[in-house]
Amino acid sequence: MADLNKAELIVDKAFKLAEADPRLYGSFIEHLGRAVYGGIYEPDHPEADGEGFRKDVMDLVRRLQVPLVRYPGGNFLSGYRWEDGIGPQKERPSRLDLAWKSVEPNLIGTDEFMSWARKIDAEVNLAVNLGTRGIEAARNLVEYCNHPSGSYWSDLRIKNGTKNPYGIRTWSLGNEMDGPWQIGHKTAYEYGRLAAEAGKVMKWVDPSIELVVCGSSNSAMPTFPEWEATVLTETYDQVDYISIHSYYGNSGDDVLEYMAQSEDMNRYISTVVSVCDYVQAKVRSRKKMMISFDEWNVWFHSSEADKKQEPWRIAPPLLQDIYNLEDAVLVGLLLITLLSHADRVKIGCLAQLVNVIAPIMTEPKGEAWVQTIYYPFMHASLYGRGTVLIPAVISPEYESKDFGPVLYLASTAVYNEESSGLTVFAVNRDPKKEMELSLDLRSFKGASAVDHIILDGPDPKAVNSAKAQAVQPRKGKLPVEESGSWTVTLPALSWNVLRFGV
Ligand code: AHR
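Residues numbered from 1 in each chain as written. Predicted model: local features only at pLDDT ≥ 70, side-chain atom pairs only at ≥ 80, totals over all residues. Heavy atoms only, no water.

Asks: I'm lost on the sheet that holds strand 4 (residues 68-71) in this one. Help?
Replies: Across a sheet, paired strands are connected by hydrogen bonds in the backbone, their directions being either parallel or antiparallel. In space, the eight strands of this closed barrel follow the order 3-4-7-8-9-10-11-12, with parallel pairing throughout. In this sheet, adjacent strand axes meet at a mean angle of 30° when their direction is disregarded. Across three bridges, the pairing between strand 3 (residues 26-28) and strand 12 (residues 345-351) is parallel. When the sheet's bridge partners are listed, phenylalanine 28 is paired in strand 12 with alanine 351. Of the strands in this sheet, strand 7 (123-128) and strand 8 (170-173) are in contact with helix 3 (residues 135-146), which crosses strand 7 at around 155°. (Pairing = 2+ DSSP bridges. Helix = DSSP H or I, 4+ residues; strand = E, 2+ residues; numbered from the N terminus. Axes fitted to C-alpha atoms, helices over the stretch in contact; angles between N-to-C directions. Contact = heavy atoms within 4.5 Å.)

Asks: I keep staring at the site of the ligand and nothing clicks. Help me out?
Replies: Around the ligand sit 13 residues in total, of which Glu30, Asn75, Glu176, Tyr247 and Glu295 are the nearest. The contact in question runs from an oxygen atom of the ligand to an N or O atom on the side chain of glutamate 176, over 2.7 Å. Glutamate 295 places a side-chain nitrogen or oxygen 2.7 Å from an oxygen atom of the ligand. Look at the ligand: alone it shows 280 Å² of surface, and the protein chains cover 96% of it. Looking at the shell around the ligand residue by residue, the classes come out as six nonpolar, four polar and three charged. (Near = heavy atom within 4 Å. Polar contact = N/O pair within 3.5 Å; in protein donor to acceptor, adjacent residues only side chain to side chain. Areas by Shrake-Rupley, 256 points an atom, 1.4 Å probe, with all protein chains shown as cover. Nonpolar A, V, L, I, M, F, W, Y, C, P; charged D, E, K, R; others polar.)

Asks: Sorry, what's going on with the domain arrangement of the protein here?
Replies: Accessible area lost during the coming together of the parts is what is often quoted as the interface size. Per the domain assignment, the segments making up the protein are domain 1 (4-13 + 389-501) and domain 2 (21-383). Each of domain 1 and domain 2 has a C-alpha centre, and these two points are 30 Å apart. For the pair domain 1 and domain 2, the summed buried surface comes to about 3100 Å²; carbon and sulfur atoms form 70% of the total. Here domain 1 and domain 2 share two salt bridges between them. (Domains from an automatic or database assignment. Buried area = accessible area lost by both parts, 1.4 Å probe. Salt bridge = Lys/Arg side-chain N within 4 Å of Asp/Glu carboxyl O.)

Asks: Help me understand the sheet that holds strand 20 (residues 421-428) in this model?
Replies: Reading across the sheet, the seven strands line up as 2-15-19-20-26-22-23 and stay open at both edges, with antiparallel pairing between neighbours. In this open sheet, the two strands that pair with only one neighbour each are strand 2 (16-19) and strand 23 (474-475). Bridge analysis of strand 22 (residues 448-455) against strand 23 gives two bridges, and the strand direction is antiparallel. Bridge pairing in strand 23 links isoleucine 453 to lysine 475. Those strands touched by helix 11 (residues 374-383) are strand 19 (409-416), strand 20, strand 22 and strand 26 (494-501), and its axis lies near 20° from that of strand 26.

Asks: I'm lost on the packing of aromatic side chains in this one. Help?
Replies: For any pair of aromatic rings, geometry is given as the distance between the ring centres together with the angle between the planes. On inspection of all chains with the given rule, the structure shows 18 aromatic pairs. Taken together, Trp82, Tyr144, Tyr152 and Trp153 form an aromatic cluster joined through their ring pairs. Across the ring face of phenylalanine 28, the terminal group of arginine 70 is positioned such that the distance to the ring centre comes to 4.6 Å. (Phe/Tyr/Trp six-rings, centres within 6.5 Å; stacked < 30°, edge-to-face > 60°. Lys NZ or Arg CZ within 6 Å of the ring centre and 35° of its normal.)

Asks: Please clarify how the nonpolar core should be interpreted in this entry.
Replies: Soluble, globular proteins show a tendency: their nonpolar side chains are buried together. One finds Ile29, Trp116, Trp171, Leu173, Tyr191, Trp296 and Leu439 to be the most contacted residues of the largest nonpolar core, which totals 156 residues. The element best represented in this core is helix 10 (residues 325-340), accounting for 11 residues. Both of domain 1 (4-13 + 389-501) and domain 2 (21-383) provide at least three residues apiece to this core. Setting aside anything within four residues of it in sequence, one finds tryptophan 171 in contact with Asn125, Leu126, Val128, Leu141, Val142, Cys145, Asn146, Met202, Ile209, Glu210, Leu211 and Val212. Counting eight residues, the second largest nonpolar core, distinct from the first, contains Met290, Ile347, Cys349 and Ala351. (Core = buried A, V, L, I, M, F, W, Y, C linked by side-chain atoms within 4.5 Å. Buried < 20%, exposed > 50% of the residue type's maximum accessible area, 1.4 Å probe, protein only.)

Asks: Just checking my understanding: could you explain the environment of lysine 101 for this structure?
Replies: Here lysine 101 is to be found in the loop between strand 5 (95-97) and strand 6 (102-104). Using a relative accessible area of 48% as the deciding quantity, one classes lysine 101 as partly exposed. For lysine 101, the contacting residues outside a window of four places in its chain are Pro311, Trp312 and Arg313.

Asks: What is the right way to look at helix 10 in this model?
Replies: Residues three or four positions apart in an α-helix share a direction because the helix packs 3.6 residues into each turn. In a regular helix each residue adds 1.5 Å, so 16 residues correspond to 22 Å; helix 10 covers 23 Å between its end C-alpha atoms and thus fits that length. For helix 10, the side-chain oxygen to backbone nitrogen distance between the N-cap and glutamate 326 is 3.1 Å, and the N-cap itself is asparagine 324. (Expected span 1.5 Å × (residues − 1).)

Below you can see the structure in the form of structure tokens.
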């Protein structure tokens, strides 16, 4: 057996998929575990700024160039009273958060979070509670945030210290309403009607906003994809995006089976696109529905520890997954999958951002440090802006138990005309063999290889910590050109970023 896989990639700028919406590189902060308290906010930390936000954490977030952050939940959202989180901090109530069996002190609310988001230069996708609340609370929140002045809620915002409206563009209509675990779980029809009516009046308050309606919590939900069909039938005219979520985990020791899981995301998106287009035809609309994949990541490492957590504490250490190299490569595969659907997926939110299934971790009163998954996400966000091309991928394949034939090579290419750059993202799924990749850049005559960034390592289970960065990107050998074809080696089980000047 050869100790090397051979694969080929043909990239041509004539084959355009779509402009990558920068919001594909969004993320998510929920009032959950140590994401907010002890994560972005730790007023007695030496790095805290005047508002109590950790500057070291903000620096790490800025390096990711996250354009949008979804807030405040998640499951937390479905029991949240947003009015508890505004006004003088000392007067705010502490409440039981039933979703995570925690105590929510409400020290951070809408105004503080908007201030934090400005500091990291991100938009906020603000979510309204359609679990325990409804139309009135939702339209009031839009008025509080986006109406200039001269009404009860807009004047209250001004009284609370923010003169100009926030102008929040993207709003989510609830969270995972298909899930029995959700506070105020509904049938697709019940939710669809409520979302349509809430969305209608939210847009009456501010017609410039865009709305995201809840699709399925994952592709294994018994109600998928009928949920999408029913919800979209009820809401098609009001909404602009359908939200879907998915988390992946490694249940065994079969790396190739784990690496095949991006196929679930691929098929899930394709099915949701089909349902969107079916409903578009059914309701005779001219609008194309877009997708907001606003929760995605690897989530399984912390499951057992979380079962043992004491309830009713402020900021318990929940969902603190520590990610290894394999997880980072899977995150790379998921990013390639999102980019490969950039014509329909316009928003993506890596869930989450700090301490909770997150690329950034903090030690109480101590360091902020980055996990393995930080790197592929950063590379995609920095170098994956521009026009997503449709490359031809020619690769040997393997048989996955769950997904059938899967290619060893996963790849996509993004062309940025403005910066004259072409980036090829590539994963070699094989844990044992290197891959010799031939790149045919036919329409990019005179291209020059600029960089080859690799994330790999001898131990797929290696992790980072506050003390040691065992998994970090390194520079690889640049692709070499010979008679119009470029050749490069992708190490076994690796995430690769190949950058060309064109
Ligand atoms: O991100 C963690 C949780 O996962 C969110 O609260 C919920 O929406 C999803 O089930």
